[in-house]
Amino acid sequence: MKIEFVASADAAEVLAVLVHEGRVLSGMGPRLDAATSGALTKAMSASRFTGASNSTLTVAAPAGVDAAVVLLSGAGEAAKFDDLALEAAAGAAYHAVKLSGATALTLDAGHLTADQAARAAFAARLAAYRFLKYRTKLKPEKTPSIETILVVAADPKAARAAYEELSPVAEAVEFSRDLVNEPANVLYPVEFAKRVKALEKLGLEVEILGEKELEKLGFRTLLAVGQGSVRESQVAIMKWNGGKKGDQPIAFVGKGVCFDTGGISIKPADGMEDMKWDMGGAAAVAGLMHALAGRKAKVNAVGVLGLVENMPDGAAQRPGDVVMSLSGQSVEVLNTDAEGRLVLADCLWYTQERFKPKFMVDLATLTGAMIVALGLEYAGVFSNSDELANNFLAAGPKVGENAWRMPIPAFYERHIDTPIADVKNTGNGRAGGSITAALFLQRFTNGVPWAHIDIAPTAWVKDSRNPTVPDGAVGWGVRTLDRMVQDSYEA
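Residues numbered from 1 in each chain as written. Predicted model: local features only at pLDDT ≥ 70, side-chain atom pairs only at ≥ 80, totals over all residues. Heavy atoms only, no water.

Participant: Sorry if this is basic, but what is going on with the environment of Gly 246 here?
Facilitator: Relative to the assigned elements, Gly 246 resides in the loop between β9 (234–241) and β10 (250–260). On the basis of relative accessibility, which here comes to 73%, the residue Gly 246 falls in the exposed class. On a C-alpha basis, the gap between Gly 246 and Glu 215 in space is 30 Å, while along the polypeptide they are 31 residues apart. (Helix = DSSP H or I, 4+ residues; strand = E, 2+ residues; numbered from the N terminus. Buried < 20%, exposed > 50% of the residue type's maximum accessible area, 1.4 Å probe, protein only.)

Given below as structure tokens:
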């Protein structure tokens, strides 16, 4: 998608203007209405369009203006108009005309600030994302025709500069979405690691640990998950050194189960194809590191990705096995489908031991119980640090990603105690499954400030209502984490 900032609309193919609730035209809307002898007002009056968010109305070939089409895009209540409302309006405008045959969409942001004009372009770019890599026979009428987004800005140069600050984040979200959308026969652990390694071009330092190195280091719970697969397990370590030399880094850990059959505790066949996105946490962390490097964030950060494939062959771990973790704690594996916490256990311990971070945040599509608890619109947040949890929760609403803090009461620890080992990898039955999973992870943090984000509800969407988020991979967490770092941890 080509993004341009211009001083005027000229002869636009499609000119989108914002309309607030109550059919209140904004920007150049009143002037266009006057030039068309009230055609825009008449069109609104003859329809159910009121300017509500995520709604549009197309006025074709209105006499009196150069634009071939004027598109009215709902911006919601004027008093509540903010960045997210603007993003929704710009995204909805794109979707309204993406299959129209027009090649360019012009967004009227001349009455807005340079930052807002940049935000409109950013939103249109995110809205335009589609994963078409394997679609070889799409008919022309099913293929998006918009190739250029033109944003009318009062100061195009300032708007372009503001967009250059946002563009690396958009690229990072797209990178994360691509990873999650890839099928597991293409994106297995070694391939995931290769794609992360390629990000060194942005200035990241990337280190890849293969199975020999992991065995030597003692990543035995992680390796136990992957031992039933012919694909080699990997750990990718990404470092961004944008802060002062010697400053403690902040650390992010991602669950990267590139495909999860459940292992010997095999999942039902129905819906198993969705388990290609069980690496959404690792994709989010990789996307965050991409964003930090892309925008040259003034912070030292580390990303650690545990990359495995959970398969049920004759070498796979069994229910009842006891495995020694990197921390020295023994783990009884009662259910091989509770595998993500085994991957994270070693990665969390390694991260705190090697990098001595200020804090650790892990992201994982960890439990179906999280979906039962919160539905499909909220991620769950578990933390031993109020400050860290509050910083994360404050960032999410600013970028339209919802999260809810969950309890991790110490008296639930008994549910993961076992007489056979130091800890077992499941609780007692289904009750509180997300909580017992978080308590398991907490045993491998060694007291470091830590937050666990269970993104099982939010990593993938099948019926998106957000114009900037497609069906499929969301890239959830990249924007929230990036915003949290900007607001709370950059110099």
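Participant: When you look at the environment of Asn 425 in this model, what are you seeing that I'm missing?
Facilitator: On the secondary structure map, Asn 425 appears in the loop between β17 (423–424) and α13 (433–442). Classification of Asn 425 by relative accessible area gives buried; the value is 0%. For the pair formed by Asn 425 and Val 253, sequence separation is 172 residues and the distance between their alpha carbons is 19 Å.

Participant: What should I look at first to understand the nonpolar core in this one?
Facilitator: Soluble globular proteins: nonpolar side chains tend toward being buried together. By size, the foremost hydrophobic cluster in this structure holds 56 residues, and its most contacted members are Phe 192, Phe 252, Leu 305, Val 361, Ile 453 and Met 484. Per element, the largest residue contribution to this core is 9 residues, and it comes from helix α9 (residues 280–294). Residues in contact with Met 484, not counting those within four places in the same chain, are Phe 252, Phe 359, Val 361, Leu 388, Asn 391, Phe 392, Ala 395 and Tyr 489. Counting residues in each nonpolar core, the second largest holds 47 residues, with Phe 219, Val 257, Phe 355 and Ala 437 among its members. (Core = buried A, V, L, I, M, F, W, Y, C linked by side-chain atoms within 4.5 Å. Contact = heavy atoms within 4.5 Å.)

Participant: Can you help me understand unusual backbone geometry in this one?
Facilitator: Comment: phi is negative for the bulk of residues other than glycine, and the bulk of peptide bonds are trans. Not every positive phi belongs to a glycine, and Asp 10 is a case in point at roughly 50 degrees. Tracing the backbone through its elements, the reader meets Asp 10 in the loop between β1 (2–6) and β2 (14–20). Judged by its relative accessible area of 59%, Asp 10 falls in the exposed class. Unusually for a residue other than glycine, Arg 23 sits at a positive phi of about 60 degrees. Secondary-structure assignment places Arg 23 in the loop between β2 and β3 (24–25). Owing to a relative accessible area of 31%, Arg 23 belongs among the partly exposed residues under this scheme.

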